[in-house]
Structure formats: structure tokens, C-alpha cells
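# Structural characterization, general
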Amino acid sequence: MKTGFFGDIQKIKYEGPDSTNPLAYRFYNPDEIVAGKRLEDHLRFAVAYWHSFAWEGSDPFGGRTFDRPWYDGEMEKAKLKADVAFEMFSLLGAPYYCFHDADARPEGKTFAEDKKNLEEIVDYFAQKQEETGVKLLWGTANLFSNRRFMSGASTNPDPDVFAYSAATIKTCMDATQKLGGENYVLWGGREGYETLLNTDLSREFDQMARMLHMVVDYKHKIGFKGAILVEPKPQEPTKHQYDYDVATVYGFLKKYGLENEVKMNIEQGHAILAGHTFEHELALANAHGIFGSIDMNRNDYQSGWDTDQFPNNVPEMALAYYQVLLAGGFTTGGTNFDSKLRRQSINPEDLLIGHIGGMDSCARGLKAAAKMLEDGALSKPLADRYAKWNDAEAQKMLRGDYSLEEITARVERENINPEPKSGRQELLENVVNRYV
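Predicted model, so just to flag it, every value in this text is computed and none were measured. (Residues numbered from 1 in each chain as written. Predicted model: local features only at pLDDT ≥ 70, side-chain atom pairs only at ≥ 80, totals over all residues. Heavy atoms only, no water.)

### Looking at the overall build of the chain
Applicable threshold: Labels follow the DSSP assignment, with helices taken as runs of H or I lasting at least four residues and strands as runs of E lasting at least two, numbered in each case from the N terminus. What the globule rule says is 2.2 Å times the number of residues to the power 0.38, and the radius of gyration is computed from C-alpha atoms. Burial here depends on accessible area, computed with a 1.4 Å probe over protein chains only, as a share of the maximum for the residue type. Under 20% is buried, over 50% is exposed, and the range in between is partly exposed. Using the Shrake-Rupley algorithm and a 1.4 Å probe, accessible areas are obtained, with residue cover drawn only from the displayed protein chains. Under the convention used here, Asp and Glu are negative, Lys and Arg are positive, and both His and the chain ends fall outside the count. All charge positions are set by atom: Lys at NZ, Arg at CZ, Asp at CG, Glu at CD.
Helix and strand content of the chain: 16 helices and 14 strands. Its C-alpha atoms give the chain a radius of gyration of 24 Å, near enough to 22 Å, the size a compact globule of 436 residues would have. The buried share among the 436 residues of the chain stands at 49%. Carbon together with sulfur atoms contributes 51% to the accessible area of the chain, which is approximately 21100 Å² in total. For the chain, the separation between the mean place of its 50 positive charges and that of its 66 negative charges on side chains is 2 Å.

This is the structure in C-alpha cells:
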């Protein structure tokens, strides 16, 4: 497995909270039992192939800063990249990875060439999975980088681009199925608009729904057992993206009869861009029964774009994992690190250190969340707040046993004149802080 890229670094081990070794876990012990389950099985960590191995360290004002031996090459370089990737997954003890087609294969000149390249690298991935035991959390198609997608993929005004996108999705679903992937993700980075002056919203919504229906139909046709996940994001690269947030996507799914077929892959950074907290988006997905998986990262709160930094805000992560645990935990989903190095962090070991810190922070957050649940620290005050709804009269109102007129008569008859009660927000915030 050794490629030489990471030098003589050995597998990352758990050394405990007092360790000062940057290449060791301080809080993530995969075999630790939390709420009756191994920590590794709770968190289901995955490494994002694109940020760790395809991204070159560029930004809008400057080009490549990373020097990787697999850049600018054909299939042999792609296989070297896979060798290094699976070496890193193994060093970290990460049980899963995620990828786009374009992350893994060399770019071809035609669809047929891309398909051939993808099939070859997928065969190579299958060998690497067999050698290492690492599994695929989810696959997806890159339908946003190539210039052909500048006006969208499924929402493109050119039906040939729609067809090309459909064919690309099929090949990526086939690849995901072959590799035993546990989910398939759709992120519509170009499914939106730059200006309404050249956009027919109704038409584009219908096109996007047709594509999603075909994805669901093909899932059932090939016997794919995983979940179909949509990943919301409000903007960037488009001015306005149609899958803006969980609420918007749920409305779309309901309109087109897909709410029982599709779930959400929710990213921390995208929630912030949409003006929400991460736990808000997770709680809303739970409320609608469409929670699936998460992309874990962090945005710079001074920036107005998606910075995809490694997560390190334990209080925020505790509240996020609290919602994950309320949903019953992950089933096919997991914690994918949609996180990338800063462009000045150019050493190979920086890749490991970023993930180690993120995994430690996730472990701290999940353990705090599990303890809050075990103690009823938030659930008991919540139940008390809504306790009066358990009364017989309240239940009759909720069931629809009373009309508006009947409720009005009761208010007058019983002289109902309620006084407000404290929401105790500050107390609850202090309670959370005691756990993190």
C-alpha cells in the first residue's frame, strides 16, 4: 500500500486527550461504545475524493499551489492518485470515501471516451476496496465543471445537454452500484439562473423533475438498495440555485411526487450560505422524514462564499449530531468530509492532519450529543414546554374535532386568558455548554 507520498507515516492511532502528537487521535476512538454502538459505526466517516485529491489549491485570483505527482496525466496518473487516496483512507482508518466521476477518471474528448475511462478506473477502485476494506459511501456525477454545463444540466435550454447529463448520471449510477455504494447524490451546482431575463422557471423545474424521476426509476430498475440524495445549496456557482435549502427541496419533491423516494445530503457550509444553522436544516429534514446523510465542514463567517474548511466548532457539531441521533442515527448515510486544505497548506501530512482534527471534533460533538440525549438535558424541558398539548381538549383541537366557532365558544365560556411562559433559552444554551 505504501506509495511514498506520505513518507514513513504509519496508521493513525488513538492516543487519548493528553496526546500532543499531531498525527494521532485524541478523542476519536473507533471502538469506543457510545449509546450502545461503536463510535466508528455512529459517525461513518468518509473522505471526499475531490477536495483531497482533485483540487489543486487554486482560487479566483491564483492558480495551482499544490504539487501532486498525479496532476496532468492520463490513466496511469489516475491510478497513482487512487493508490495515494486509498493509502490515505487506510492511514486514517476511514471506512468510506465519496467521489465524482471527473475526480477519478482522465477527461476524454467524447462521452464514449469518458465512459470507457470511468469504467477502467472503477475496476481499479474495486481492486483497491478489496485490498483495503474501504467502502463507497456515495457516488455522484460532476455536471457543473465542463463548459457544456454552464447553463445547467437537467435545466439546460439545450435538450442535447439534458441527454448528455442523463447519460452521465446513468454511468455514474452504474459505477456506484458496481462499487457497492450505499447512496447516490445529486448536487445541482448549475441548476439555477444568473438572470431571470433569459430563464423560464416553470420549464426548468419540469426538466429537473423529469431527470430526478428517471434517476429514481433507474435506481429501482437496477436494484440499487441505497438512497437517492439531493444536496441543497442556495447559490455559488449560480446566482440562485433551485435546491436552495431543505424547505425548498421538500416543496419541490412534494410538487412532483418524489417525497417518498428522495432524501437529503445536508452540508454545514451550505446551510450557512442559506442563512440557516446546520442543526436547523437537519431538524427540518427530520420533521419531513427526508434526512439522509451529511457533508461536514465549516465556513468562514467573514466570507460570503463556500470555504469548505475542516470542521472544528464542537458546540455547533454537538447540536448537529444531536439532530442526527434524534433521527435514529445514520442508516445508509454518514459523515463525509467535504473539506479542503487551505491553499497555503501544501505538505502531504497536512491532508492527514486536517482530517484527524475533523474526526476528533466530530467525535467530541457526537459524544456530547449522546450524553445530552441520555440525560434528557434538552428533551425533558422540551416535553414540559408542550405538555399541555397532551390534555384531552388540546388533543381534540389537534384532531379537528372542534370547528373554529366551537373553539371560540369554549374560549368565551371558560374565560380562557392565557399568560405567556418563559422559553428559558439562556438556560438551555448554558445546559448545552456544560456538555461541550
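### Details of the sheet that holds strand β5 (residues 45–48)
Selection criterion: What makes two strands pair is DSSP finding at least two bridges between them. All axes here are fitted lines through C-alpha atoms, helices being fitted over the stretch that makes contact, and every angle between N-to-C directions spans 0 to 180 degrees.
The strand order around the closed barrel formed by 8 strands is β5-β6-β7-β8-β10-β12-β13-β14, and the pairing between neighbours is parallel. The sheet shows a mean angle of 30° between the axes of neighbouring strands, direction not considered. Pairing analysis gives 2 bridges linking strand β7 (residues 135–140) to strand β8 (residues 183–186), with the strands arranged parallel. Residue pairing in the sheet places W138 in a bridge with N183 of β8.

### Re the packing of aromatic side chains
We count it as follows: Geometry of aromatic contacts follows a simple scheme: Phe, Tyr and Trp rings, the Trp one being its six-membered ring, pair when their centres are within 6.5 Å, and the pair is stacked under 30 degrees between planes, edge-to-face over 60, tilted otherwise. Throughout this description, the term charge over a ring refers to an Arg CZ or Lys NZ atom that lies within 6 Å of the ring centre and within 35 degrees of the ring normal.
Under the definition given, this model contains 26 aromatic pairs. Centroid distance Y49 to F125: 5.4 Å. Interplanar angle 55°. Geometry classified as tilted. Here Y49, found in helix α2 (residues 49–54), pairs with F125, found in helix α5 (residues 111–132); they are 76 residues apart in sequence, far enough to count as distant. Across the pair, F125 and Y49 agree in class, each one buried. Three or more aromatic residues joined by ring pairs make a cluster, and in this case those are F5, F6, Y49, F53, W70, Y71, F86, F89, Y97, F99 and F125. Over the ring of F66 we find R68; its NZ or CZ atom is 4.6 Å from the centre of that ring.

### A closer look at the layout of surface pockets
The test is simple: Buriedness for pockets is judged along seven lines, at least five of which must meet protein on both sides within 12 Å for an open set on the 1 Å grid over protein atoms alone, while cavities are sets there where a 1.4 Å probe fits but cannot get out, and lining residues have an atom within 4 Å of a point. Grid points are joined across faces, edges and corners, and a volume is the space filled by probe spheres set on the points. Following the grouping adopted for this structure description, the nonpolar residues are Ala, Val, Leu, Ile, Met, Phe, Trp, Tyr, Cys and Pro, the charged ones are Asp, Glu, Lys and Arg, and the polar ones are all others, Gly among them. Throughout the structure description, domain borders are defined by an automatic or database domain assignment.
Of the volumes computed, that of the second largest pocket is approximately 1500 Å³. Considering the residues around the second largest pocket, the lining is formed by 36 residues, among which P381, L382, R385, Y386 and G423 are closest to the centre. If you list the elements that add at least two residues to the lining of the second largest pocket, you get α11 (314–326), α13 (379–385), α14 (392–399), α15 (404–413) and α16 (425–435). The leading source of residues in the lining of the second largest pocket is α16, at 6 residues. Counted by class, the lining of the second largest pocket contains 19 nonpolar, 6 polar and 11 charged residues. Among the domains, domain 1 (13–375) and domain 2 (380–434) are the pair contributing at least three residues each to the lining of the second largest pocket.

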